[in-house]
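Structure at a glance
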Amino acid sequence: MKLPPLRSLQCFEAVARLNSFSKAADHLNVTQSAVSHQVKLLEEYLGEAMFNRQGRSFSLTEVGKCYFDEVNQSLGSLSNVSQQIREGKSGKIRLALYSSLAVKWLIPRLDDLRKQHPEIELTLNMVADEPDCTDSVADCFITVNPPKRNFVSQFLYAERLYPVCGHKLWQQIKDKPLPDTLWQHPLLSVQYSSFGEDLGEDWLRWSKSGGFELPEHARINHFSHMLLAVETARYDHGIALINNYLMTDHDREHNFVRIPMHELLTGDNFYFVYKKTREKQTAIVKLGRWLKQQSYEQEFSMLPGD
């Protein structure tokens, strides 16, 4: 079934709502003659007069009143559904982020998010690799590789690594010279995207940044994911280079000791990312501010152990 031209419906709705052809023209940013032409086309299409015209004054006919009610409601519904597709449902947000960051950093803080912003309904989509920044995956993302076009990217933090071990192992090494005593225990290594494909590159770079060489006899155990290395260190099976964002308050108190040595910047910067079409979506803006606040607090949350 053929429908009336959308432009004619918009013009008719504006004239009937504003009770003025000139105001409708200003509202739609067109000429008054263009509005009159579109209304005339609609009346011809419907075969009914929408307005009673008496000189310069006019009023809606009975048919026009009924038609306006339907058109106004339909255009409103169309606007709402278009906004939902463009910006997402108000308060409901899907966030995609790396599984390690979700498990060790974000999830322990969700209670604070609920207290500060109870109106935000957050759903997490955990990914092992770089998230595909599309609507089919999530509404917003935390990534180290933000899209270069049509996205808003908010810097959260620069990844830094430092050595940690379990409490039992720390008792064995705390009074011995560093870094020499580290080489007597397994070094737990993780491959980072910015380090290339060389195994043990994290420990090689950490050593170089400290002004010493990693000895050839050092025992390096390789892991595909930082969470595996972290858990291995927690059970005193070696020394791991850990991202501070993967340390919970419980970890700091009960599971790990930060070995008092230097940090290594990996070169990975983490960003909160969302489409520019969503930059006025209140829930996403609030989430971004909250994430930035959490990141800022995290930067000062851990000092080297004694």
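Report on the accompanying structure. Being a predicted model, the structure only gives us computed values, none of them experimental. Every chain is numbered on its own, with residues counted from 1 as its sequence reads. Local features are withheld for residues below a pLDDT of 70 in this predicted model, meaning they are given only at 70 or higher, and side-chain atom pairs are given and counted only at 80 or more; totals for whole chains, interfaces and linings count all residues. Where side-chain values are given, they derive from all heavy atoms of the structure, hydrogens and water being excluded.

Re the pattern of salt bridges
- Here a salt bridge means any side-chain nitrogen of Lys or Arg lying within 4 Å of a carboxyl oxygen belonging to Asp or Glu. Taken as a whole, this structure holds 15 salt bridges when the rule is applied.
- A salt bridge links Glu-119 to Lys-286; its shortest N-O distance comes to 2.8 Å. Residue Glu-119 is located in the loop between α6 (110-116) and β4 (121-127), and its partner Lys-286 is located in helix α11 (residues 282-299); the two are separated by 167 residues in the primary sequence.
- Any residue under 20% of the maximum accessible area for its type is buried, any over 50% is exposed, and the rest in between are partly exposed; the area is computed with a 1.4 Å probe on protein chains only. Lys-286 gets classed as partly exposed once you look at its relative accessible area, which sits at 26%.
- The residue Lys-275 makes a salt bridge to Asp-135 at a minimum N-O spacing of 3.2 Å. Placement of the pair is Lys-275 in strand β11 (residues 264-275) and Asp-135 in the loop between β4 and β5 (140-143), with a sequence separation of 140 residues. Every helix listed is a DSSP run of H or I at least four residues long, and every strand listed is a run of E at least two residues long, numbered separately from the N terminus.

A word on the side chain of Arg-109
- Along the chain, Arg-109 falls in the loop between α5 (99-106) and α6.
- For Arg-109, the residues in contact, after removing those within four places along its chain, are Trp-290, Gln-294 and Gln-298. Contact between two residues is taken to exist if any of their heavy atoms lie within 4.5 Å; hydrogens are not considered.

Looking at the side chain of Ser-99
- Examined against the element boundaries, Ser-99 turns out to sit in helix α5.
- A residue is classified by how much of its surface remains accessible, and Ser-99, at 18% relative accessible area, is buried.
- Once residues lying within four places of it in the same chain are set aside, the contact partners of Ser-99 are Met-126, Val-127 and His-225.

Observations concerning the nonpolar core
- Counting 32 residues, the largest nonpolar core has Leu-182, Trp-206, Ile-239, Ile-242 and Ile-259 as its most contacted members.
- At the level of elements, β6 (151-165), α7 (167-173), β7 (187-190), α8 (201-209), α9 (226-234) and β9 (239-243) are the ones that each hand at least two residues to this core.
- Non-local contacts of Trp-206, meaning those with residues more than four positions away in its chain, are made with Leu-161, Pro-163, Leu-182, Trp-183, Phe-212, Leu-241, Met-261, His-262 and Leu-264.
- Formed by 27 residues, the second largest nonpolar core is a distinct cluster that contains Leu-101, Trp-105, Ala-283 and Ile-284. What we call a nonpolar core is a set of buried Ala, Val, Leu, Ile, Met, Phe, Trp, Tyr and Cys residues that are connected through their side-chain atoms within 4.5 Å.

Quick notes on the packing of aromatic side chains
- Classification of ring pairs uses Phe, Tyr and Trp, with its six-membered ring standing for Trp, and accepts pairs whose centres are within 6.5 Å; under 30 degrees between planes counts as stacked, over 60 as edge-to-face, and the remaining range as tilted. Taken as a whole and assessed by the stated rule, the structure comprises 14 aromatic pairs.
- Between Trp-203 and Trp-206, the ring centres sit 5.3 Å apart and the planes meet at 75 degrees, which makes this aromatic pair edge-to-face. With a gap of 3 residues between them, Trp-203 and Trp-206 both fall in helix α8, about one helical turn apart. The same class applies to Trp-203 and to Trp-206, which are both buried.
- Among the aromatic side chains, those forming a connected cluster through ring pairs are Phe-12, Phe-21, Phe-51, Phe-58 and Tyr-67.
- Above the face of the Tyr-162 ring, Arg-258 is positioned so that its terminal group lies 3.9 Å from the ring centre. Criterion for a charge above a ring: Lys NZ or Arg CZ within 6 Å of the ring centre, and within 35 degrees of the ring normal.

Some points on unusual backbone geometry
- In this structure, the amide linkage connecting Leu-178 to the following residue, Pro-179, adopts the cis form with an omega of 5 degrees.
- Tracing the sequence through the fold places Pro-179 in the loop between α7 and β7.
- The backbone phi angle of Asn-29 is positive, close to 60 degrees, even though this residue is not glycine.
- Relative to the assigned elements, Asn-29 resides in the loop between α2 (21-28) and α3 (32-46).
- You can call Asn-29 exposed: its relative accessible area is 70%.
- Look at Asn-150: it is not a glycine, yet its phi comes out positive at around 65 degrees.
- Inspection of the secondary structure puts Asn-150 in the loop between β5 and β6.

Looking at the packing of α2 against α3
- Two elements in contact, α2 and α3, have axes separated by 8 Å at closest approach and are oriented at 105 degrees. Judged by the angle between their axes, α2 and α3 are roughly perpendicular. Every residue of α3 that contacts α2 at Phe-21, Ser-22, Ala-24 and Ala-25 is listed here: Gln-32, Val-35, Ser-36 and Val-39.
- Each residue gets one label: Ala, Val, Leu, Ile, Met, Phe, Trp, Tyr, Cys and Pro are nonpolar, Asp, Glu, Lys and Arg are charged, and the others, such as Gly, are polar. In terms of residue class, the contact of α2 with α3 is made up of 5 nonpolar, 3 polar and no charged. As a rule, the C-alpha atoms of each element are fitted with a line to give its axis, helices using only the stretch in contact, and angles between N-to-C directions run from 0 to 180 degrees. The labels follow the angle: roughly parallel below 35 degrees, roughly antiparallel above 145, roughly perpendicular from 65 to 115, and oblique for the rest.

Focus on the packing of helix α1 (residues 6-18) against α3
- Contact geometry for α1 and α3: axes closest at 8 Å, N-to-C directions at 110 degrees. Taken together, α1 and α3 sit at an angle that is classed as roughly perpendicular. Residue-level contacts link Arg-7, Ser-8, Leu-9, Cys-11, Phe-12 and Val-15 of α1 to Val-35, Gln-38, Val-39, Leu-41 and Leu-42 of α3.
- Its residues assigned to classes, the contact of α1 with α3 shows 8 nonpolar, 2 polar and 1 charged.

Quick notes on the environment of Val-103
- Mapping Val-103 onto the fold places it in helix α5.
- C-alpha separation for the pair Val-103 and Leu-227, spaced 124 residues apart in sequence, amounts to 9.2 Å.
- What Val-103 contacts, discounting residues up to four positions off in sequence, is Pro-108 and Met-126.

Some words on α3
- A helix is expected to reach a length of 1.5 Å times the quantity of its residues less one. A rise of 1.5 Å per residue sets the reference length of α3, with its 15 residues, at 21 Å; its end C-alpha atoms lie 21 Å apart and thus fit the reference within 8%.
- Taken from the residues just after α3, Gly-47 is the one with a positive phi, measuring 75 degrees.

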